[in-house]
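Residue-level structural notes
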Amino acid sequence: MSRPTLPRALSLALILGLFAAAIPALSRAQSPAASPRLLFQDDEPALVLRQAESDPLLARVLEQIRRDADAALAAPPLKDVRTGVDSYLRQTARPLVRRVLTLGFLHRLDPDPRFAQRAIADLRAAAALPDWNDRHFLSAAETGFAVAVGLDWFRDDISPGLRERLRAALIEKLIRPGLREHRARSFWVSGHGNWTSVCNASLIAAALAVGDDPEAREMLRLAATDLPFAAGAYGSDGGYDEGPMYWSYGTQFLVLGLDALLTRTDATIAEFETPALRGAGWFPIVMRSHTGRFFNYGDGGEHFALDPAGLWFAHRFHLPGLAHAHRQHFLAEIDAIEAELAGTARRPWYRGSERFRVFEALWLARVGVPDAPPASLPLDFRFSGRPPEPGFKGEAETAVLRGSWHDPDAAFVGIKAGANRGGRAHLDAGTYVFDLNGVRWALQLGGDDYNLPGYFVNMEDRSQRDRPYVYFRKNTRSKNTLLAGDALQSIDAWAPISPINSQPGRARLSIDLTTTYLEYWLSAERTFDLQERRHLLVTDTIKEPAANVAFRSQFLTDAEVELRGAHAILRKGDQLLHARIHSPPHARWELAPATPPSARENQNVGVQILFFSTHGTEGAPLSLSYSLSAEEHFAPVD
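Now for a look at the structure at hand. (Residues numbered from 1 in each chain as written. Predicted model: local features only at pLDDT ≥ 70, side-chain atom pairs only at ≥ 80, totals over all residues. Heavy atoms only, no water.)

**Topic: the nonpolar core**
Counting 138 residues, the largest nonpolar core has Phe105, Trp132, Phe145 and Phe359 as the members making the most contacts within it. Discounting residues that sit within four places of it in the chain, Phe145 has contacts with Leu39, Val97, Leu101, Ser202, Ala205, Phe253, Leu256 and Phe356. In this structure, Ile511, Phe555, Ala587 and Tyr626 belong to the second largest nonpolar core, which totals 50 residues. (Core = buried A, V, L, I, M, F, W, Y, C linked by side-chain atoms within 4.5 Å. Buried < 20%, exposed > 50% of the residue type's maximum accessible area, 1.4 Å probe, protein only. Contact = heavy atoms within 4.5 Å.)

**Quick notes on the pairing of strand β2 (residues 396-402)**
The element β2 is extensively covered by neighbouring structure, given that seven of its seven residues are classed as buried. The side-chain alternation of β2 yields two buried faces, one formed by Ala396, Thr398, Val400 and Arg402 and the other by Glu397, Ala399 and Leu401. Both β2 and strand β3 (residues 412-419) contribute to a ladder of seven bridges, which runs antiparallel. Counterpart to Leu401 in the pairing with β3 is Val413. (Helix = DSSP H or I, 4+ residues; strand = E, 2+ residues; numbered from the N terminus. Pairing = 2+ DSSP bridges.)

**A word on the environment of Ala116**
For Ala116, the position within the fold is in helix α5 (residues 113-128). Taking the C-alpha atoms as reference, Ala116 lies 6.9 Å from Phe154; in sequence the two are 38 residues apart. Beyond its immediate stretch of four places on either side in the chain, Ala116 contacts His107, Phe154 and Asp157.

**Some thoughts on the side chain of Asn475**
As for its position among the elements, Asn475 is in the loop between β5 (439-442) and β6 (482-484). For Asn475, a relative accessible area of 2% translates into the label buried. Polar side-chain contacts of Asn475 include one of 3.0 Å to the backbone oxygen of Tyr469. For Asn475, the side chain forms a polar contact with the main-chain nitrogen of Arg477, separated by 2.9 Å. Other than its neighbours up to four places away in sequence, Asn475 contacts Leu427, Tyr469, Val470 and Leu488. (Polar contact = N/O pair within 3.5 Å; in protein donor to acceptor, adjacent residues only side chain to side chain.)

**Side note on the pairing of β5**
Relative to β5, strand β4 (residues 431-436) runs antiparallel, the two being bridged by three bridges. Within β5, the position partnered with Leu436 by the bridge is Val439. Counted along the chain from β4 to the antiparallel partner β5, the turn is two residues long, and its residue Asn437 has a positive phi close to 55°.

**A word on the packing of helix α13 (residues 309-316) against helix α15 (residues 357-367)**
Following both chains from N to C, one finds α13 and α15 inclined at 25°, their axes separated by 9 Å at the closest point. In terms of orientation, α13 lies roughly parallel with respect to α15. Here α13 and α15 pass one another in a crossing that is left-handed. In this structure, α13 contributes Ala309, Leu311, Trp312, Ala314, His315 and Arg316 to the contact, and α15 contributes Glu360, Trp363, Leu364, Arg366 and Val367. Of the residues contributing to the contact of α13 with α15, the split by class is seven nonpolar, one polar and three charged. (Axes fitted to C-alpha atoms, helices over the stretch in contact; angles between N-to-C directions. Parallel < 35°, antiparallel > 145°, perpendicular 65-115°, else oblique. Left-handed = near helix turned anticlockwise from the far one by under 90°. Nonpolar A, V, L, I, M, F, W, Y, C, P; charged D, E, K, R; others polar.)

**A look at the environment of Gly144**
With respect to the element layout, Gly144 can be found in helix α6 (residues 137-153). Placed 61 residues apart in sequence, Gly144 and Ala205 show a C-alpha to C-alpha distance of 8.2 Å. Leave out the neighbours within four places in its chain, and Gly144 touches Trp132, Leu170 and Leu174.

**Structural notes on the pattern of salt bridges**
Pairs may arise between side chains of opposite charge once their charged atoms sit close together. All told, the structure shown has 47 salt bridges when counted by the stated rule. In this structure, Arg94 and Glu142 form a salt bridge, with 3.1 Å as the shortest nitrogen-oxygen distance. Within this pair, whereas Arg94 is found in helix α4 (residues 87-109), its partner Glu142 is found in helix α6, the two being separated by 48 residues in sequence. Judged by its relative accessible area of 16%, Arg94 is buried. Close ionic contact of Asp428 with Lys416 constitutes a salt bridge, the shortest N to O distance being 2.8 Å. Placement of Asp428 in the loop between β3 and β4 and of Lys416 in strand β3 is noted, with a sequence separation of twelve residues between them. Residue classification places Asp428 among the buried residues on the basis of a relative accessible area of 0%. Look at Lys416 and you get buried, because its relative accessible area is 3%. (Salt bridge = Lys/Arg side-chain N within 4 Å of Asp/Glu carboxyl O.)

**Looking at the packing of aromatic side chains**
A full pass over the atoms with the stated rule returns 30 aromatic pairs. Measuring from centroid to centroid gives 5.1 Å for Phe283 and Phe383, while their planes differ by 75°, and the two rings are edge-to-face. Here Phe283 is found in helix α12 (residues 283-286), whereas its partner Phe383 is found in strand β1 (residues 381-383), with 100 residues between them in sequence. Their ring planes at 70° and their centres at 4.8 Å tell us that Tyr450 and Phe456 sit as a pair that is edge-to-face. When its relative accessible area of 16% is taken as the criterion, Tyr450 is described as buried. On the basis of relative accessible area, Phe456 is assigned to the partly exposed category, the value being 33%. (Phe/Tyr/Trp six-rings, centres within 6.5 Å; stacked < 30°, edge-to-face > 60°.)

And the structure:
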């Protein structure tokens, strides 16, 4: 069902107002030499160990953290890698974060000199680097976050001389560059993306770790003032513009920034609670299919290890249903990890997010085991966005239609519309994924190599803002949507999603695609109809289509495909899916490779485009409709 929402401007105003009320408390920040600690309090190691005795999931997570610690002890020394746009971030900053958090967490549970020695060696190496790559500020932010936490968690093991060197490194390599970025109002300072969360939260942690220093105090004030802009990314109902993968990254740092303020200043959680943040924890749960795949629109991946930020929301806002939902997710993840260790299966997701596993353990301990499962969730969700306007790029709108929350063979439809603008956005209004019987039949490719020249959108330079869409994965030709001729959707398009007509045996919604191709039609609408909660009917209705233009409906699949005119049979393993064209009557399925125009792009091996097309006739409405069903003779109803 669609949920009532606050207007976006009102939601953000509430967030900013509540944060502003908390700012005076920053002047009463605690000294770093005294308790409370940063993020992990002195009484919490005992809590974690006590809770693990009665919580099997927490005990299994702790065992995995111990394996991570063994790997950290055996890892090579910290390396300064700078061979691409984000090579330092991935190969220097993030390994440092993972090792410091893992070793520091276990050292707090049960002091071990090996853990302290290895982590301190990494901290010393980080302090000795000439800089932390602040030209790509995300890199400096994560490095500084690791150093700040290490300085706090290993405070009893670090010599006075090294302590001063680490404080000096935080000031020179993160806080001063951060002050410059804030004073220049860099794009991330008060944006709505994950950079705003990561950079400001890391600056908050660094300033609190440094303590009594004029630059640190000023940095704390500025970063705490601008961190709430990141909360504006969630909309009034908790949806996230950049998709579930970047939700995981951005939200993890947002809650770390909030937790740092709560544990080291006089701020209270009541000053930060809003409807948007109360709803934010549900977004990745809704966007995850029974297959374990996420709905990966934009640059996101369909498989990844989810950060534990949702557990923080569940604890701080007293949401036992949300805690239960995230516990189920992490139970599935730990099962997959242990299956891989046993050699019986291979995990499909990348491991980058697992550097924050220690907070999964901590927040599992804080929230405890819910007394009972939550009440049944709605099968259908719609997350609202905001249209483009002067000075604002607009945001995604998304929806999910489900056959069931518990049946592993149930249907799952993830739908993307809203705004096409944005650094991680693609020209993809009307695209979708479709899962049935444990198989993803209609898929999204996700992002490509971020080192491709001009990959990100420069909205300030109109001569450059269309440049990224030469890349196949970012443009409309790689999407499961409606195309007009060989043109791409407009970057300025706004395609709103209607409220969902949600019934026990059926769910239906429509998307207004009119502004995606204004020059090719008077109006256009795409309808998704999940009949009997298993059969998907996709219908495009065009009013006054341009004459002699080919209108094409398509979706991408990695299944084997057999063409039989208006009927196509898709096979994956022992599963079959029937794709049948219902209108226009003369249309026939065709196949094309999902190969990009340049060799440097991802070649999408094994993926094909299944499509059909028809030409418009001036003045006559046009309908393109097809169904996807496991039943060969399924016939849709009106």
